Amino acid sequence: MAELSFYVGVIVVYMINAGNVISVLLFLSPVETFWKIVKRRSTEKYECLPYICTLMGSSLWTYYGIVTPGEYLVSTVNGFGVLAESIYVLIFLFFVPKPKFLKTVALVLALNVIFPVITIVGTRTAFGYAKTRSNSMGFICAALNIIMYGSPLSAIKTVVTTRSVKYMPFLLSFFLFLNGAIWAVYALLLHDVFLLVPNGMGFVLGTIQLLIYAFYRNAKPNIVDEEEALAPSQPLLS
């Protein structure tokens, strides 16, 4: 029994390290997409929601790691995520087509400024005990994780109408899938249902995204729909 516990402990440590590495790779996965955006000087039909949702989740996970004893790794990894996602969102705002600019700014203000401030102030005001505040923030962050995992699905309409995966970044979906899988296994080993639910959902949603990508990867693009989808962005291209 002691030997089994030792091996389980080794696996848990390995899963933590692997999970942290994959989380960093997840935050870095959009680099190629944003390099294309900068080169073309337009966001074209790329969706901003995945990056806005990831920034929101990373911000609150960083706060959770700061106020929860023993969770410094959560704050450091997600602190890096806040930095990376902030850069992506700023680039998106700089190159988004004018008709979508105000809508995108409103979304950023609502999800990356107003919601985190209300959540932090609300939990600090409503709960007197530090442990209760930490637990409530953990519940909120777990719910946000599910939203983050599903956010790339916002590109599905474009994928289906154009029959092209051009605007569904593969690396983002792939690392969301891996991140969900690693942390779900880790949660199973520790019997942590609060960690298991969002990451288990992340694994499922990541799998759906990869299946959609595989289905349309070699499909013949609907050129008419793709041209119509790109039409609003053309004036901004050099």
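As shown above, the structure is provided for reference.
Residue numbering note: each chain is counted from 1, following its sequence as written. Confidence filtering applies because this is a predicted model: local features only for residues at pLDDT of at least 70, side-chain atom pairs given and counted only at 80 or more, and all residues used for totals across whole chains, interfaces and linings. Side-chain metrics rest on all non-hydrogen atoms present in the structure, leaving aside hydrogens and water.

Draft legend 1. Layout of the overall build of the protein. Helix and strand definitions here come from DSSP, where helices need a minimum of 4 consecutive H or I residues and strands a minimum of 2 consecutive E residues; each element is numbered from the N-terminal end. Counting its secondary structure elements, the protein contains 10 helices and zero strands. For the exposure calls, accessible area comes from a 1.4 Å probe over protein chains only, and a residue counts as buried if that area is under 20% of its type's maximum, exposed if over 50%, partly exposed in between. By residue count, 45% of the 238 residues in the protein fall in the buried class. Sequence separation of 24 or more characterises 78% of the internal contacts of the protein that already satisfy a separation of 6 or more. Using a 1.4 Å probe, accessible areas were evaluated by the Shrake-Rupley method; residue-level cover was limited to the displayed protein chains. Approximately 12,800 Å² of the protein is accessible, and the part contributed by carbon and sulfur atoms is 72%. Note on contacts: a residue pair qualifies if any of its non-hydrogen atoms lie within 4.5 Å across the two residues.

Draft legend 2. Expanded view of a nonpolar patch on the surface. Patches here: salt-bridge-free residues with over 30% relative accessible area, like charges joined within 9 Å, nonpolar side chains (Val, Leu, Ile, Met, Phe, Trp, Tyr) joined within 5 Å. By salt bridge we mean one thing: a side-chain nitrogen of Lys or Arg within 4 Å of a carboxyl oxygen of Asp or Glu. Taken together, the side chains of Leu109, Val113, Ile114, Val117, Ile118 and Val121 make up a nonpolar region of the molecular surface, amounting to roughly 520 Å² of accessible area. By secondary structure assignment, the location of isoleucine 114 is in helix α5 (residues 98-126). Classification of isoleucine 114 by relative accessible area gives partly exposed; the value is 47%.

Draft legend 3. Summary view of the packing of helix α3 (residues 49-67) against helix α4 (residues 72-95). Relative orientation of the contacting elements α3 and α4 amounts to 150°, with a least axis distance of 7 Å. Classified by the angle their axes make, α3 and α4 are roughly antiparallel. Like other packed secondary-structure pairs, α3 and α4 cross with a definite hand, here left-handed. Packed against α3, whose contacting residues are Tyr51, Ile52, Thr54, Leu55, Ser58, Ser59, Trp61, Thr62, Tyr64, Gly65 and Ile66, the element α4 presents Tyr72, Val74, Ser75, Asn78, Gly79, Gly81, Val82, Glu85, Ser86, Tyr88 and Val89 at the interface. The nonpolar class holds Ala, Val, Leu, Ile, Met, Phe, Trp, Tyr, Cys and Pro. Asp, Glu, Lys and Arg form the charged class, and all remaining residues, Gly among them, are polar. Taken together, the residues that form the contact of α3 with α4 break down as 11 nonpolar, 10 polar and one charged. Whenever a helix is involved, its axis is fitted only over the stretch in contact; in every case the axis is a line through C-alpha atoms, and angles between N-to-C directions fall within 0 to 180 degrees. For classification, angles of less than 35 degrees are called roughly parallel, those exceeding 145 degrees roughly antiparallel, those between 65 and 115 degrees roughly perpendicular, and all remaining angles oblique. In a left-handed crossing the near helix is turned counterclockwise from the far helix by less than a right angle, and in a right-handed crossing that turn is clockwise.

Draft legend 4. Just the pattern of salt bridges, in detail. One pass over the full model with this rule turns up one salt bridge. A salt bridge links arginine 40 to glutamate 44; its shortest N-O distance comes to 3.2 Å. Classification of glutamate 44 by relative accessible area gives buried; the value is 7%.

Draft legend 5. Broad picture of the environment of valine 197. Mapped onto the elements of the fold, valine 197 is located in helix α9 (residues 193-217). C-alpha of valine 197 to C-alpha of asparagine 145: the two residues are 52 residues apart in sequence and 9.6 Å apart in space.

Draft legend 6. The arrangement of the packing of aromatic side chains in detail. Stacked, tilted and edge-to-face are the three classes applied to pairs of Phe, Tyr and Trp rings, where Trp contributes its six-membered ring and a pair requires centres within 6.5 Å; stacked means planes under 30 degrees apart, edge-to-face means over 60, and tilted covers the rest. Using the criterion set out here, one finds 12 aromatic pairs in the structure. When the centroid spacing of 6.5 Å and the interplanar angle of 65° are considered together, the rings of phenylalanine 34 and phenylalanine 92 count as edge-to-face. With a gap of 58 residues between them, phenylalanine 34 in helix α2 (residues 31-40) and phenylalanine 92 in helix α4 connect regions that are remote in the sequence. Pair check on accessibility: phenylalanine 34 and phenylalanine 92 agree, each one buried.

Draft legend 7. Broad picture of unusual backbone geometry. The residue arginine 41 is not glycine, and still its phi comes out positive at about 55°. Relative to the helices and strands, arginine 41 resides in the loop between α2 and α3. Under the relative-accessibility criterion, arginine 41 is labelled partly exposed at 43%.

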